Amino acid sequence: MAMGAADVIIFLTDAVQGLTATDQAVAQRLRRTDKPVMLAVNKVDNENRELAAAEFFQLGISETSFISAYHNYGVYDLLERMVDLLPTRELEVFTPATELRLSIVGRTNVGKSLLTNAILGEERSIVSPEAGTTRDALDTPITYRDHTITLVDTAGIRRPGQVQRGIEKYSVLRAVNAVHRSDITLLITDATELATAQDAHIAGLAWDTNRGLIVVVNKWDLVNPNRFRTERSLHRVHQRLHFMPYVPVSFTSALTGEGINELLDTALSLWMERQRRVPFRDLQYLLADAVSTHAPPSRRGNLRNRLRVRRVRQVGVNPPTFVFSVNDPKLLHFSYERYLENQIRERFGFHRTHLRLVFRAEREERTARPGVRARTRAR
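For clarity, every value in this text was computed on a predicted model and none was experimentally measured.

Conventions we followed
Residues numbered from 1 in each chain as written. Predicted model: local features only at pLDDT ≥ 70, side-chain atom pairs only at ≥ 80, totals over all residues. Heavy atoms only, no water. Core = buried A, V, L, I, M, F, W, Y, C linked by side-chain atoms within 4.5 Å. Buried < 20%, exposed > 50% of the residue type's maximum accessible area, 1.4 Å probe, protein only. Helix = DSSP H or I, 4+ residues; strand = E, 2+ residues; numbered from the N terminus. Contact = heavy atoms within 4.5 Å. pLDDT = per-residue confidence, 0-100. Polar contact = N/O pair within 3.5 Å; in protein donor to acceptor, adjacent residues only side chain to side chain. Phe/Tyr/Trp six-rings, centres within 6.5 Å; stacked < 30°, edge-to-face > 60°. Lys NZ or Arg CZ within 6 Å of the ring centre and 35° of its normal. Pairing = 2+ DSSP bridges. Axes fitted to C-alpha atoms, helices over the stretch in contact; angles between N-to-C directions. Parallel < 35°, antiparallel > 145°, perpendicular 65-115°, else oblique. Arc of directions from axis to C-beta. Salt bridge = Lys/Arg side-chain N within 4 Å of Asp/Glu carboxyl O. Right-handed = clockwise from strand over helix to strand, strands pointing away.

Caption draft 1: Structural view of the nonpolar core. L100, L102, L115, I149, L151, L186 and I214 are the most contacted members of the largest nonpolar core, which totals 24 residues. If you list the elements that add at least two residues to this core, you get β4 (99–106), α5 (112–120), β5 (138–144), β6 (147–153), β7 (184–190), β8 (212–218) and α9 (260–274). Considering each element in turn, this core owes the most residues, seven residues, to α9. Those residues within four positions of L100 in sequence are excluded, and the remaining contacts are T148, I149, T150, D183, I184, A267, L268 and W271.

Written out as structure tokens, the structure is:
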């Protein structure tokens with residue numbers, strides 16, 4: 001793992017012990033790496049040891065230095081030569097997105113437009129007790145806690161068999177497109193009829209496209225809220241959306257303004273979680289711990305058919321995307337994939353967002369040819 005994460009490798013040996021079989025074995029392995037290698041022979045405290053240390057030249061490493069860490073002899077020269085070997089490429093700078101796009105979707109007449117107006121503080125969307133009033137996707141930018149947020153109010157999405165031809169059909173298509181254009185989707189539900197099958201279908205649109213999702217239980221003022229009702233409502237939502245157990249739930253009343261600030265705070269927190277980037281070294285330590293705790297199962301007890309996970313790295317954010325290098329993606333069992341996903345969630349705090357996991361054969365990872373197929377899962 002250290003070799004994989006390094007830009008320059010310093011091979012440290014002991015002049016007192018002399019050249020050992022272990023030193024030769026390590027040198028043999030270092031010859032197979034494409035990283036710059038420097039040989040540092042330590043404990044060279046006098047001329048006699050310097051003459052004796054000449055035997056290390058037979059390792060064939062051109063960058064060889066004699067040093068004494070105790071007396072600080074030759075260390076600065078070693079550092080200067082190391083700096084010359086460092087790669088000249090620019091360091092990757094991650095710039096998080098500056099604008100959050102929130103799409104507001106849901107069934108007809110659950111209060112999407114009224115909630116949009118409550119957030120904006122003005123009547124941007126037409127509000128009517130008649131279902132299907134909103135026909136188009138309305139984009140409205142706002143500033144909240146020094147963050148730019150674009151709200152996209154959409155038309156209600158009926159069941160496919162109930163969508164009428166003409167204007168309503170294209171309104172639904174615009175609503176679906178709004179989900180694709182957003183970072184986080186607010187799924188508005190009605191507190192009087194919680195988590196219907198159509199709500200689960202709409203949530204599936206966000207799940208399929210790896211978008212962030214917040215379930216908003218609107219009209220909370222109509223159900224005489226209390227602690228017992230809140231817990232029961234949470235259980236009902238998570239039971240219906242069992243394929244997304246990590247989804248946060250917010251309770252609001254667009255009519256009274258209750259829970260609006262809490263909803264926006266949750267959206268910002270989820271957005272920042274989706275922007276999180278994990279250092280490469282931390283991922284390697286996580287992988288080592290996960291594999292040592294629970295090794296990948298083998299097929300039919302044959303160790304030759306066991307999945308071997310070589311390394312993992314994060315290649316994207318929003319959603320957080322991780323690529324695992326394995327010997328054969330076909331050997332991956334869904335239970336072990338879920339185990340690795342849970343390990344990432346627990347270690348790095350991805351508690352409320354989708355994670356996209358890609359398992360790629362190691363030979364494909366090395367060649368990185370375009371169009372290479374890989375096994376991908378979004379969780």
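Additional details are given in the paragraphs that follow.
Caption draft 2: Focus on the confidence of the model for the chain. Chain-level pLDDT for the chain is 82 on average; 82% of the residues reach the 70-or-more range. Across the chain, the element-wise mean pLDDT spans from 53 in strand β15 (residues 375–378) up to 95 in strand β1 (residues 9–14). Below a pLDDT of 50 lies the segment residues 90–94, which in the model reaches four contacts outside its immediate sequence neighbourhood of four places, other chains included.

Caption draft 3: The environment of L102, seen in detail. With respect to the element layout, L102 can be found in strand β4. In this structure L102 comes out as buried when scored by relative accessible area, which is 0%. L102 sits 83 residues away from T185 along the chain, and the two C-alpha atoms are 5.7 Å apart. With residues up to four places along the chain from it excluded, the contact list for L102 reads I149, T150, L151, V152, S182, I184, L186, L264 and A267.

Caption draft 4: Spatial organisation of the environment of T293. Relative to the elements of secondary structure, T293 occurs in helix α10 (residues 280–293). At 2.8 Å, the side chain of T293 forms a polar contact with the backbone oxygen of D289.

Caption draft 5: Representation of the packing of aromatic side chains within the structure. All told, the structure shown has six aromatic pairs when counted by the stated rule. Relative to F251, the ring of W220 has its centre 4.5 Å away and its plane inclined at 45°; by these criteria the two rings are tilted. Placement of the pair is W220 in the loop between β8 and α8 (227–240) and F251 in strand β9 (residues 249–251), with a sequence separation of 31 residues. Taken individually, W220 and F251 each receive the classification buried, so the pair is uniform in this respect. The interplanar angle of 15° and the centroid separation of 4.8 Å between the aromatic rings of F324 and F359 together place this pair among those described as stacked. On the criterion of sequence distance, the pair formed by F324 in strand β13 (residues 321–326) and F359 in strand β14 (residues 356–361) is long-range, its members being 35 residues apart. Each member of the pair, F324 as well as F359, is classed as buried. Geometry around F350 places R276 over its ring, the cationic atom sitting 5.4 Å from the centre. The side chain of R345 reaches across the aromatic face of Y246, ending 4.4 Å from its centre.

Caption draft 6: Here's a closer look at the sheet that holds β1. An order of β1-β2-β3 is seen for the three strands of this open sheet, with the pairing classed as parallel. Edge positions in the sheet fall to β1 and β3 (64–66), since each has one partner strand and no second. Sheet twist, expressed as the mean angle between neighbouring strand axes with direction ignored, is 25°. Where helix α2 (residues 21–30) meets the sheet, it contacts β1 and β2 (37–42), and its direction lies at approximately 165° from that of β1. Helix-sheet contacts for helix α4 (residues 75–85) involve β1, β2 and β3, and the interaxial angle to β2 is about 170°.

Caption draft 7: Local environment of the packing of α5 against α9. Axis separation between α5 and α9 bottoms out at 10 Å; the angle between their running directions is 90°. It follows from the interaxial angle that α5 and α9 lie roughly perpendicular. Along its contact with α5, which presents L115, A118 and I119, the element α9 presents I260, L263 and L264.

Caption draft 8: Fine view of α2. For α2, the full list of buried residues reads D23, A27 and L30. Within α2, the buried residues cover an arc of 60° as seen down the axis, which keeps them to one side. Looking at α2, the residues exposed on the side facing more than 90 degrees away from the buried face are A21, T22 and R29. The elements touched by buried residues of α2 are α1 (2–5), β1 and β2.

Caption draft 9: Spotlight on the pattern of salt bridges. Under the defined criterion, the tally for this structure stands at 14 salt bridges. Between D265 and R145 there is a salt bridge, with its nearest N and O atoms 2.8 Å apart. Taken together, the residues span a long stretch of sequence, with D265 in helix α9 and R145 in the loop between β5 and β6 at a distance of 120 residues. One salt bridge connects R352 with E273, and the closest N-O pair in it is separated by 3.8 Å. Note that R352 is positioned in the loop between α11 (334–348) and β14 and E273 in helix α9, a separation of 79 residues in sequence. Among the residues examined, E273 registers a relative accessible area of 5% and is labelled buried.

Caption draft 10: The pairing of β14, seen in detail. Two strands pair when backbone bridges link them, and β13 and β14 are joined in this way by six bridges, in the parallel orientation. The partner of F322 across the bridge, within β14, is L357. You can see the chain leave β13, run along α11 and come back into β14, and the turn it takes is right-handed.

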